Structure formats: structure tokens, C-alpha cells
Amino acid sequence: MERMIVSMQDPDMGIKMRNQRLLITVIPHAMTGNDIVEWLIQKYGISEEESLHLGNLIVKHGYIYPLKDPRSLVLRADESPYRFQTPYFWTSTKWPATELDYAIYLAKKNIRKQGDLVEHEKDNYNLLHKRINHTWDFVVMQAREQLRAAKQRRKGDRIVIDCQEQAYWLVNRPPPGALNVLEQGPERRNCHTTQVQLTQNMDYYKREIEYCRKAMARTRVKSSICLEGYIKFSEQYMPHDPIMSGCLPSNPWITDDTTYWAMNAPTVPTPTKLRVERWGFNFRELLTDPLGRAQFLDSLKKEFSAENLSFWEACEELRYGEQSRIPEIVDSIYQQFLAPGATRWVNIDSNTMGRTLEGIKTPHRYVMDDAQMHIYMLMKKDSYPRFLKSELYKNLLAEAVIPPETKKRVFPFMRKQRHSSPSPALFLSAGDAEERSRGPMAAPVPEEES
Amino acid sequence: MATEGLRENETLASLKNEAESLKGKLEEERAKLHDVELHQVAERVEALGQFVMKTRRTLKGHGNKVLCMDWCKDKRRIVSSSQDGKVIVWDSFTTNKEHAVTMPCTWVMACAYAPSGCAIACGGLDNKCSVYPLTFDKNENMAAKKKSVAMHTNYLSACSFTNSDMQILTASGDGTCALWDVESGQLLQSFHGHGADVLCLDLAPSETGNTFVSGVSRSFLS
């Protein structure tokens, strides 16, 4: 990068530098943004876009700084004046921008602007004041000295030096949210030595071929159909999205009122209308909502097929549960649901049952998958549509609440007290921990007396 | 003896060719079904109105770049991890800090909240994913109950609990993803074949709960 800068400054081949006018003072040895871009295009034969990008990088790394808008290190391809940073301040010198230096710089600024610093600079100033309090007198003294010496220079020089310093500190102490060009990123060790390498031997290719064959056999849909489905999904969920369609009674983040969360908590006596509607979208929505699931269980009980849901829940517990409990859970499922004469025997076709019983001999996490899927599909195709048409569901819809919208206050800046809520982790006691950590999917499977 | 070696070489080459040709056919099949682009279909959809995004809360407390965060299921709590090695649990509604852990490494690039809200998982340059049960007991140091779950050979870039507190899916710079049992720290399944650093992953909310997506970065020195 530096070779480029040096050649830029070459008196003959480099960028033509003229005395630029900045407001009323004349700055020597400055050039316009346009000049920089043009020179790069000519010298390297690159496009304008690339030259602009390159120029921007040079400015961001602090080799050229703008005179007109010194806060933002951006290259503008117009008449705005720029200047080369003195080699003293070049990033490659790598002398550490010490806290002391930064403190002196901020102190100078503070004195000059009489306390009117940008927010992050104010924060840094206070932080430094706390940290290096013992040398603070020195800092202030240095700052005053430098300011005094600066006053004795010509205005043009003063502006130049200020801009130089400002650019230097913008690179070394970037404001929050700005790109830090000096950032190296995490010390990621040489990835090659620790990468899990796949030797491209025969087995690897055999696996690849197997995978490709399976992939070919998969049923696929056209993009048009798939995208159509995507759009339908968005349309269906739009009125339920709090950001797109607002939330009643009010958005807790805006009004500090947590009623919305309270009304939509996992277990409430009366669910909201939107929530009950969502249960009708698809089976998964119904099952993932604890309230919906409980209602579904009630409806299944009326049809004497509640064991299906219990079986499905037990299988979920198996799939996502602890490794050490797998044999125990598999056995419990067998005893309750699959053994001939079991109290809550589930109706699975003989093929699946045969496979599952075989699999139970060597129990593992996914041994119930086939059976679980069969029962899931049964519920989805059979019980679920009946549930949606049932009186139970219709009543739920009718009784569901639509919370009234909170009237907008006349004085919106009267903030409500923000109360903390109990953390879910507070219920972490010995027994509860087990239950809680199984997650919202599985409820404990109680043994029923026949 | 020499002929055997030759035969093996031939089959290796022929296998490779077969794999390549199958891949080509697969691409063709896929291309056949690609009859319309998303932006074409999207043209029919109403455009969104002006979006006003305001900062509602600012949570101050990390000393350096915040690298990752995750929401709790209660919709107000957040866990966040940063470059300085600190992992903090906040009630973002009140902006109070509820828990804080200092990891033994810097650059904690991944953190996740357990579905029950009772634990958090985090990891980074230590190549591990650790699970911390959240406790309000003043006498207990959270680091004391820490469980080291995942072990990779390179940095941890992402982690996520599956449907329960007992399973974690992790992605790592060593090019693999893995599924672990939290209680025992056992590796349940590992997913190879990325060829480069895996930087992120996400679980699909499907009916079978069987799929997840992982994103990989191509390193320059390949």
C-alpha cells in the first residue's frame, strides 16, 4: 500500500497537488477526490468502481485524509479536498496508540470544544480519566502545552495538523459501529492441520455415489410451486406477525406494558383469538402450543384415542432425551403402548409393529421413528381435521379474546414501571429440573391404572 | 501383485467418474425444475410500507465486540457473548443483568439459550461447547456447575439446542457439525463433508425435527 502512496506523491508522475481552498484558508499540497480516482484508473488501468473502492480502502487505513469532512473516512470522487497523511502517522509504523496519547488528544479536544465531545469520545474520556487518574495532571498539562504551541502556527498548518491527528485517531480508535481496519479477527490457528480431512478414497466415492443416487430418486417440486407455497405461507402468517400487524393490546417494547406476553403465555385460561386461529393452520402449530395440545388431548379422549398423543409424546421424549435413559424409556414405551395387552395399546400396522419390536431388542434413540411417524400421520389426517370441525374447537374460537388496543396516551413519555419477571431458571429445584429440562415437547408419561 | 494395485487404481478412477457424472445429472434434474425466480414471483406481492425501526433497549455491559446472542422462549431474556470472554444473561425488558460468566477463552463466538430457560451453552476459541445451568443461588459460582459437552479440534462457531435441554448441535471451524448428549457429553452424530470452516447452523422447524442447515466459508488456501 505504501509504495502506491509514495508513487502518488511523486512530483512528476503523481497526482497534481495544488493549493486548495478550504473555506477561507488556503491548504497547500492538497488534491481533490476526483484526482485520486482518476490517477488510480490511469496508473493501474482499472474501472472507476474499482478505483473508488481502492481509494476508499486507502482512506480507511488512514493514508489519505479528507479535509472537509474529517469525521468520516470516505473517499468522494468529487471536488472535496484530500491530503496525504504524514509518514509519522502511517498505520504500518505500528507503534501502539497508547492510552496516554489518546488521553492527551481527547483532553485537547475537550479544552478546545469546551466539553462538547461526541458521545463515544465522552465515554472514552471518562473511562480513561478513571483508569489513568494518577497521571491525569500530566495529561492535562501536555494537552495545554500542545494547544499553546499550536496557536503559534499559521492557521493553515494548524488545520492540517488537526486533521492529521483526527484521522489518525479515527483509524486507531474507531467510533462504535464503524469498521475497525486494524482488527485482526480471532486467532484462528492454521485450519489445515485441524481440519477433519476426508481422504478421497474408494469408500468416499462409494458414499458420494450412494448419496447422488438417493438424491436423484427424491421427489422434487418445481420452483414455481415451491415459491407459491412460500408466498401463501407469508400471506397466512402476516396478520399474526407482531411486527407486520402490530400486537394487541400493545407492543411491550414500546409501551412497557407486558400484558401482551401475559395473555399469550404458554398456559392461560383463555387464549387469544389469533392463537386459536393458528391451531387451524397446520397440525404442527397445534402440537407445539401447550394449550393447543391440551385441548387436542381432550378431544382425543372423547374419541378414545388419547393413547396416540401420549405415545407420540413419549417418542419425542426418547428422541430428545438423555442418552443414559434410553433403554429405560424404550422399555416404558413398550410396556405401555406396544406390548400385547398393554393398557394403552396403539394401533400400528403389522409391518411397522414388527420392525419396531425387532428394533427394541437393540434400543437406540431413533428406534421408534417409524411407529411415531405412523401415529403422527394418523392423528394429522384423521383426528386433527375432526378436531377442527368439532364443537370444542368452535367454542374455543368463539370464546377466545381479542384484547382491546391500549389507547395512546396523551403524554407518551410517562414511562411505566418496568417490572422484572421471574426467570424460568428460578424453578430449578432438584425434581423440577428434570421435568423442565425435557423441554416443552414432552410431558411426563404417567402410568395409568386400568 | 502389480496388477492388483492397477485394478484398484482403475476402480478408484472409475468410481470418481461415476460420482462426477451422477452429480452432473443431479444438477441437470434440479435445473429442469427451476422454472421461475423468486423475484418474479415476488413482484405480485404487495410491497411493504415504510419500516420504522427504533432502538427500544440498549444493553451496556460488554467490554468488547458482542459476537453472538440468543433469545429465551419467554421472549424477554437474552444471552449474549463477546470477544472479551464474558457471557451475560439479561432481562432485556428491564435491561437488568441476571447472570454473568467469564469463559476461560476470549472470542466466545457462539451462545444459545436452552428451551426450558434453565441453562445456556457457549463456546469459541476453546474448541468446546460448555453448558452452564443458570442458578440464582448466591453461594454458587456458575462456573462450578459447568458441563463441557462438545469437543472439536478447532474453534466453535455456532451452537443450538434441539427440542430439549438434553441435546446440542454444534458447528466448528474444523469443518464438522455434531450432535451431542448434554448429560454425558457423548457424541451422538457427526456431520462431515464440508471441506471448510462451518460458520453457522440453524434447525428447521419440521414435523420430524430431522433437518438442519449449515453454512460454510471457503478458505483461501484450499
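For every chain, the first residue of the written sequence is number 1, and numbering continues from 1 along that sequence. Starting at A for chains and at 1 for ligands, labels are handed out in the order in which the entities are written. This being a predicted model, a pLDDT of at least 70 is required before a residue's local features are given, and a value of 80 or more before pairs of side-chain atoms are given or counted; all residues contribute to the totals for chains, interfaces and linings. Excluded from the side-chain calculations are hydrogens and water; all other atoms, namely the structure's heavy atoms, are used.

An unreviewed UniProt entry lists chain B under the name G protein subunit beta 5, with Strix occidentalis caurina as the source organism. UniProt positions are given in the numbering used here, feature names are shortened, and annotations may be inferred rather than shown by experiment. Checking UniProt for chain B, the heading Sequence similarities (unreviewed entry) contains the comment "Belongs to the WD repeat G protein beta family."

Looking at an unreviewed UniProt entry, one finds chain A named Regulator of G protein signaling 11, with Strix occidentalis caurina as its source organism.

Break down the interface of chain A and chain B for me, with residues and values.
Chain A puts 71 residues into the contact, and the matching count from chain B is 82 residues. In this description, buried area is defined as the sum, over both parts, of the accessible area (probe of 1.4 Å) that is lost when the two are combined. Taken together, the two surfaces of chain A and chain B that pack against each other cover about 6800 Å², and 62% of this comes from carbon and sulfur. The three residues of chain A that bury the most area against chain B are Tyr205, Trp253 and Tyr320 of chain A, which together make up 11% of that side's buried surface. One speaks of a salt bridge when a side-chain nitrogen belonging to Lys or Arg is within 4 Å of a carboxyl oxygen belonging to Asp or Glu. Where chain A touches chain B, the interface holds five salt bridges. As a salt-bridge pair, Glu208 of chain A and Lys23 of chain B come within 2.9 Å of each other at their nearest N and O atoms. In the analysis that follows, any N or O atom pair within 3.5 Å is treated as a polar contact, provided that within protein one partner can donate a hydrogen and the other can accept it, and provided that, for residues neighboring in sequence, both atoms belong to side chains. The tally of links between chain A and chain B comes to 14 residue pairs in polar contact (both at pLDDT 80 or more). Of all elements in the fold, only helix H8 (191–194), helix H9 (202–217), helix H10 (223–237), helix H11 (242–245), helix H12 (252–255), helix H17 (306–320), helix H20 (369–389) and helix H22 (430–437) of chain A reach the threshold of two or more residues within the side of chain A that touches chain B. Labels follow the DSSP assignment, with helices taken as runs of H or I lasting at least four residues and strands as runs of E lasting at least two, numbered in each case from the N terminus. Per element, the largest residue contribution to the side of chain A that touches chain B is ten residues, and it comes from H9 of chain A. Throughout, a residue-residue contact means that at least one pair of heavy atoms, one from each residue, lies within 4.5 Å.

Go over empty space enclosed by the protein with me, naming the residues and quoting the values.
Residue and element names in this part refer to chain A. The way it works is a 1 Å grid over only the protein atoms, where trapped points that fit a 1.4 Å probe form a cavity and open points with protein on both sides within 12 Å along at least five of seven lines form a pocket, and then any residue with an atom within 4 Å of a point lines it. Grid points are joined across faces, edges and corners, and a volume is the space filled by probe spheres set on the points. Within this structure, the stated rule accounts for three cavities of 30 Å³ or more. Taken as a whole, the largest cavity holds about 60 Å³ of empty space. Forming the walls of the largest cavity are ten residues, and the residues nearest its centre are Tyr105, Glu121, Trp169, Leu170 and Arg173. Elements represented by at least two residues in the lining of the largest cavity include exactly helix H4 (99–113), helix H5 (119–131) and helix H7 (155–172). When residue character is reported, Ala, Val, Leu, Ile, Met, Phe, Trp, Tyr, Cys and Pro are called nonpolar, Asp, Glu, Lys and Arg charged, and the others, Gly included, polar. A breakdown of the residues in the lining of the largest cavity according to their chemical character gives four nonpolar, two polar and four charged.

Go over the side chain of Gln372 of chain A with me, naming the residues and quoting the values.
If you trace the backbone, Gln372 of chain A turns up in helix H20. Discounting residues that sit within four places of it in the chain, Gln372 of chain A has contacts with Phe311, Trp312, Cys315, Glu316 and Arg319 of chain A.

Please set out the pattern of salt bridges residue by residue, giving values where relevant.
Between side chains of opposite charge, a pair can form as their charged atoms come close. Tallied over the full model, the rule gives 24 salt bridges over all chains. The closest approach of N and O atoms between Arg44 of chain B and Glu228 of chain A, which form a salt bridge, is 2.9 Å. With Arg44 of chain B in the loop between helix H2 (38–42) and strand E1 (66–71) and Glu228 of chain A in helix H10, this residue pair bridges two chains. Its salt-bridge partner being Glu98 of chain B, residue Arg77 of chain B comes within 2.9 Å of it at the nearest N-O pair. Of this pair, Arg77 of chain B sits in strand E2 (residues 77–82) while Glu98 of chain B sits in strand E4 (residues 96–102), and the two are 21 residues apart along the sequence.

So what about a nonpolar patch on the surface? Which residues, and what values?
Note on patches: the residues involved have over 30% relative accessible area and no salt bridge, like charges join within 9 Å, and the nonpolar side chains Val, Leu, Ile, Met, Phe, Trp and Tyr join within 5 Å. The accessible surface values rely on the Shrake-Rupley method and a 1.4 Å probe; as for residues, cover is taken only from the protein chains in view. Together, Met238, Ile243 and Met244 of chain A together with Leu48, Phe51 and Met53 of chain B make up an exposed nonpolar region whose accessible area comes to about 640 Å². The cut-offs for exposure are 20% and 50% of the maximum accessible area for each residue type, with area from a 1.4 Å probe on protein chains only; residues under the lower value are buried, those over the upper are exposed, and the others partly exposed. Relative accessible area serves as the criterion here: at 41%, Phe51 of chain B is assigned to the partly exposed category.

Describe the UniProt feature "repeat: WD" (unreviewed entry) in chain B, listing the residues and the values that go with them.
Residue and element names in this part refer to chain B. Residues annotated by UniProt as "repeat: WD" (unreviewed entry) correspond here to residues 59–91 and 149–190. Annotation note: span residues 59–91, helix share 0%, strand share 55%, distance between end C-alpha atoms 10 Å. End C-alpha atoms of residues 149–190 are separated by 14 Å, and the span's content is 0% helix alongside 57% strand.

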